[in-house]
Amino acid sequence: MSEPAGGEPAALDRSTGINSRQADRYRQGRVFLLGDAAHVHSGVGGPGLNLGLQDALNLGWKLAAEVNGWAPEGLLDTYHSERHPVGQRVIMHTRAQMALLSPGPNITALRELFGELLQDAGNVRHVADLMAGADVRYDTRTGEPPHPMAGRWMPDLALRTGDKATRVAELLRAARPILLDLAGRTDLAKTAKDWADRVEVITARTADRPADAVLIRPDGYVAWAAGPDTLDAADGLRHTLRTWFGDPAPS
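Cut-offs applied
Residues numbered from 1 in each chain as written. Predicted model: local features only at pLDDT ≥ 70, side-chain atom pairs only at ≥ 80, totals over all residues. Heavy atoms only, no water. Helix = DSSP H or I, 4+ residues; strand = E, 2+ residues; numbered from the N terminus. Buried < 20%, exposed > 50% of the residue type's maximum accessible area, 1.4 Å probe, protein only. Polar contact = N/O pair within 3.5 Å; in protein donor to acceptor, adjacent residues only side chain to side chain. Contact = heavy atoms within 4.5 Å. Salt bridge = Lys/Arg side-chain N within 4 Å of Asp/Glu carboxyl O. Axes fitted to C-alpha atoms, helices over the stretch in contact; angles between N-to-C directions. Parallel < 35°, antiparallel > 145°, perpendicular 65-115°, else oblique. Nonpolar A, V, L, I, M, F, W, Y, C, P; charged D, E, K, R; others polar. Patch = residues over 30% accessible without salt bridge, like charges linked within 9 Å, V, L, I, M, F, W, Y side chains within 5 Å. Areas by Shrake-Rupley, 256 points an atom, 1.4 Å probe, with all protein chains shown as cover. Pairing = 2+ DSSP bridges.

Chemist: An account of the side chain of R217 is requested, with residue identities and associated values reported.
Modeler: Turning to its location among the elements, R217 is positioned in the loop between β9 (213–216) and β10 (222–226). Of the residues examined, R217 reaches a relative accessible area of 2% and is grouped as buried. A distance of 2.9 Å separates the side chain of R217 from the side chain of E82, its partner in a polar contact. Those residues in contact with R217 that sit more than four places away from it in its chain are N58, W61, K62, E82, Y138, L172, A223, W244 and F245.

Spelled out as structure tokens, the structure:
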């Protein structure tokens, strides 16, 4: 097969070697890229489905906020700033896996060394979280030292609301922001009422309480959390509500 005559573009263009690519920008004006349109990488380890779905969840609630008129300035830009680094990280670890699958005595030695490292439980957890995307931590944009949960995926805690047993995942089915009050913090519930048109306040109990209250975004990530020793918790919550969910509803 020869090159097309006269400089015409090829009808079929194939790449050779490892095909890992990522768009420079996930947003250009009103155009957004996500999933395979934003990033291409090896399928080893199967991270692509999770990565694409997380792109869609991240962008979806922000687009809904814009359409419904309560998105704060710059919210849509956080789609790129949050998801682009995650795509880079997936490309990194899929390339590493492809390297470990390569033939040759040097790679065999590397696999043996890697196997020894995986005898350590901490290393196993690190690699497992990396491949699952569980190590993602977004910038909370609050300008204050965050609670350890802030920016991370909200764990699917077993809860009781009144006499009913439920889980965090069930509460998130409505795809609305949630202030989950786990310690009877009426001061925080009262603060969130100014955003009642878009943020649901739920009081619940759990056996292993990770925080007094947790503000959960519709994509399942924690925007803010407070423990019993958190200073000025109501002010911090109010600032975070404005940062992610816009101005309070007119009284």
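Chemist: Could you give an account of the pattern of salt bridges, naming the residues involved and the relevant values?
Modeler: Taken as a whole and judged by the stated rule, the model has 15 salt bridges. Here D77 makes a salt bridge to R27, at a shortest N to O gap of 2.8 Å. Of this pair, D77 sits in helix α2 (residues 77–100) while R27 sits in strand β2 (residues 27–28), and the two are 50 residues apart along the sequence. Looking at D77, the relative accessible area reads 45%, which means it is partly exposed. Among the salt bridges present, the one from E170 reaches R173, with a minimum N-O distance of 2.9 Å. Linked by salt bridges that have partners in common, K62, E82, R217 and D219 make up one network.

Chemist: Help me get a handle on the packing of helix α1 (residues 48–67) against α2, residues and values and all.
Modeler: Between α1 and α2, the shortest axis-to-axis distance is 10 Å and the interhelical angle comes to 175°. Judged by the inter-axis angle, α1 sits roughly antiparallel to α2. Side by side, α1 and α2 meet where L51, Q54, D55, N58, L59 and K62 of the first sit next to T78, Y79, E82, R83, V86, G87 and V90 of the second. Across the contact of α1 with α2, the residue classes tally to 5 nonpolar, 4 polar and 4 charged.

Chemist: How would you explain a nonpolar patch on the surface if you had to name every residue and give the values?
Modeler: Taken together, L110, L113, F114, L117, L118 and V124 make up a surface patch of nonpolar side chains, about 470 Å² in accessible area. Looking at the nonpolar patch, the element that brings in the most residues is helix α3 (residues 105–117), giving 4 residues. Positionally, F114 belongs in helix α3. F114 sits in the partly exposed class, given a relative accessible area of 32%.

Chemist: Explain the pairing of β10 to me, using residue names and the numbers behind them.
Modeler: Of all 5 residues making up β10, 5 are buried, and the element is well covered by its neighbours. In this sheet, β10 lies alongside β9 in antiparallel orientation, the contact comprising 4 bridges. Note that in β10 the partner of I216 across the bridge is V222. Counted along the chain from β9 to the antiparallel partner β10, the turn is 5 residues long, and its residue G220 has a positive phi close to 90°.

Chemist: Just give me the short version of the pairing of β9, but keep the residues and values in it.
Modeler: In regular strands, side chains alternate between the two faces of the sheet. Burial along β9 is two-sided: A213 and L215 facing one way and V214 and I216 facing the other are all buried. For strand β7 (residues 178–181) and β9, the ladder comprises 4 bridges, and the chain directions are antiparallel. Bridge pairing in β9 links D181 to A213.

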